[in-house]
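Overview (structure and organization)
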Amino acid sequence: MATTHPDASPPHHDTPASPERESVFSLPLADLTPAAPFQWLAAGWRDFRCCPRIGLFYGACFALMGQALWQAFLHAPAYVLALSAGFLLMGPFLALGLYDASRALEEGRTPSLRASLTSWRPTLSTMAIFAGVLLILEMLWGRASLVVFAVTMNTMPSSENMLAALISLDNVEFLITYVVVGAIFAGLIFVSSAISIPMILDRQTDAVSAALTSFRACLQNPGVMLLWGALITGLCVLAMLPAFLGLLVVGPVLGHATWHAYRNIVPAPERARPGDDSVTR
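Residues numbered from 1 in each chain as written. Predicted model: local features only at pLDDT ≥ 70, side-chain atom pairs only at ≥ 80, totals over all residues. Heavy atoms only, no water.

On the surface, Val-172, Ile-176, Val-180, Ile-184 and Leu-188 cluster together into a nonpolar patch covering about 420 Å² of accessible area. Looking at the element boundaries, Ile-176 is found in helix H9 (residues 172-193). We classify Ile-176 as exposed; its relative accessible area is 52%. (Patch = residues over 30% accessible without salt bridge, like charges linked within 9 Å, V, L, I, M, F, W, Y side chains within 5 Å. Areas by Shrake-Rupley, 256 points an atom, 1.4 Å probe, with all protein chains shown as cover. Salt bridge = Lys/Arg side-chain N within 4 Å of Asp/Glu carboxyl O. Helix = DSSP H or I, 4+ residues; strand = E, 2+ residues; numbered from the N terminus. Buried < 20%, exposed > 50% of the residue type's maximum accessible area, 1.4 Å probe, protein only.)

Put into structure tokens, the structure is as follows:
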């Protein structure tokens, strides 16, 4: 019969902890300076110049979305705010290919349009969950836009001179409510997705942790992230003025810049080396 030594302890098996699960809430985030957003834009412009074919492809997608938004404004203005939310929903996912291109340049590889179009595959389930969260926000925004029209507009303006009628001082109550409601939902979408999708692509973390990290980044650097959001909004508005053609360049530059914003805010993950059994933290 086998005997057990009284001082012997049962065998202990080390279970490696998931680095993302263990470290995401204590992940150190950078303290940013007001110059950071402009540095991100400069880096985004450099990436666009390095792979213009990829950038122009995604820029054309952004421009077509803008044209669709304009047509909705001309024919169904009550749905413009809802479709604007859809623009904000689709934009980050279209930019996923731009993040992949920037990552390739960062790693010394040649970016590929084909690779950028399939960059979502390794994180499909996580991206689906995150898209669902943004879709809920988009639906709430759409419902709120319809309520704004119903409550603040006595009559629907005619299709002729639609824009002049909507921004008339006679509709100042509508304008204020429209802007406030839009700002609230746009702010929620921005703080939850400012760096979430690049983080999911890069670290393959879960959607909740990525969104919380994005919230943390905005809370830790509120002024800089507000400036970044204002720059994104201002550049997009300017790009829309010449028949949305400006989005051909502004859209991809902002996409590349967002990757650099993420890389500046969140430290690069340590890559496991062959034969290294240590846990990456």
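What the rule picks out here adds up to four aromatic pairs. Here Trp-40 and Trp-228 contribute two aromatic rings whose centre-to-centre distance is 5.2 Å and whose plane-to-plane angle is 85 degrees, an arrangement assigned as edge-to-face. Remark: Trp-228 occurs in helix H12 (residues 222-240) and Trp-40 occurs in helix H2 (residues 36-50); sequence separation between them is 188 residues. For the pair formed by Trp-40 and Trp-228, the shared burial category is buried. Considering the side-chain rings of Phe-57 and Tyr-58, the 5.1 Å spacing of their centres and the 85 degrees angle between planes classify their relative orientation as edge-to-face. A residue is classified by how much of its surface remains accessible, and Tyr-58, at 3% relative accessible area, is buried. (Phe/Tyr/Trp six-rings, centres within 6.5 Å; stacked < 30°, edge-to-face > 60°.)

Bringing the side chain of Thr-123 into the picture now. Position of Thr-123 among the secondary structure elements: in the loop between helix H6 (113-117) and helix H7 (124-152). Judged by relative accessible area, Thr-123 falls into the buried class, the value being 4%.

Let us look at H12. The end-to-end C-alpha distance of H12, which contains 19 residues, comes to 27 Å, matching closely the 27 Å that a straight helix rising 1.5 Å per residue would cover. For H12, the full list of buried residues reads Val-224, Met-225, Trp-228, Gly-229, Leu-231 and Ala-239. Down the axis, H12 shows its buried residues gathered within 155 degrees of arc, on one side only. Along H12, exposed side chains directed more than 90 degrees from the buried face belong to Pro-222, Leu-226 and Leu-238. Where the residues of H12 are buried, they touch H2, H9, helix H11 (207-220) and helix H13 (247-265). (Expected span 1.5 Å × (residues − 1). Arc of directions from axis to C-beta. Contact = heavy atoms within 4.5 Å.)

Let's shift gears to the nonpolar core. Within the largest apolar cluster, 57 residues are counted, with the highest numbers of intra-cluster contacts made by Trp-40, Met-225, Trp-228 and Ile-265. Beyond its immediate stretch of four places on either side in the chain, Trp-40 contacts Leu-32, Met-225, Trp-228, Ala-257, His-260, Ala-261, Asn-264 and Ile-265. (Core = buried A, V, L, I, M, F, W, Y, C linked by side-chain atoms within 4.5 Å.)

We now examine the UniProt feature "transmembrane region" (unreviewed entry) in the chain. Under the UniProt annotation, "transmembrane region" (unreviewed entry) lies at residues 55-73, 79-99, 120-141, 175-201 and 222-250. Counted over residues 175-201, helix gives 93% and strand 0%. Its end C-alpha atoms are 38 Å apart. (UniProt positions renumbered as here; feature names shortened; annotations may be inferred.)

Moving on, we come to the environment of Asp-100. With respect to the helices and strands, Asp-100 occurs in helix H5 (residues 96-106). Asp-100 sits in the buried class, given a relative accessible area of 10%. When the C-alpha atoms of Asp-100 and Trp-259 are compared, they prove to be 8.7 Å apart, with 159 residues separating the residues in sequence. Among residues more than four places away in sequence, those in contact with Asp-100 are Ala-115, Ser-116, Ser-119 and Leu-201.

Here the focus is unusual backbone geometry. Positioned with a positive phi, Gln-204 is a non-glycine residue whose angle comes to about 55 degrees. Positionally, Gln-204 belongs in the loop between helix H10 (196-203) and H11. Although it is not a glycine, Phe-244 sits at a positive phi angle of roughly 65 degrees.

To continue, consider the confidence of the model for the chain. Model confidence for the chain is summarised by a mean pLDDT of 79, while 74% of its residues fall at 70 or above. The weakest mean pLDDT in the chain belongs to helix H1 (residues 19-23) at 47; the strongest belongs to H2 at 97. Within the model, the stretch residues 1-22 combines pLDDT values under 50 with seven contacts to residues more than four positions away or in other chains. Segment residues 272-281: pLDDT under 50, and five contacts once partners within four positions in sequence are set aside and those in other chains are kept. (pLDDT = per-residue confidence, 0-100.)

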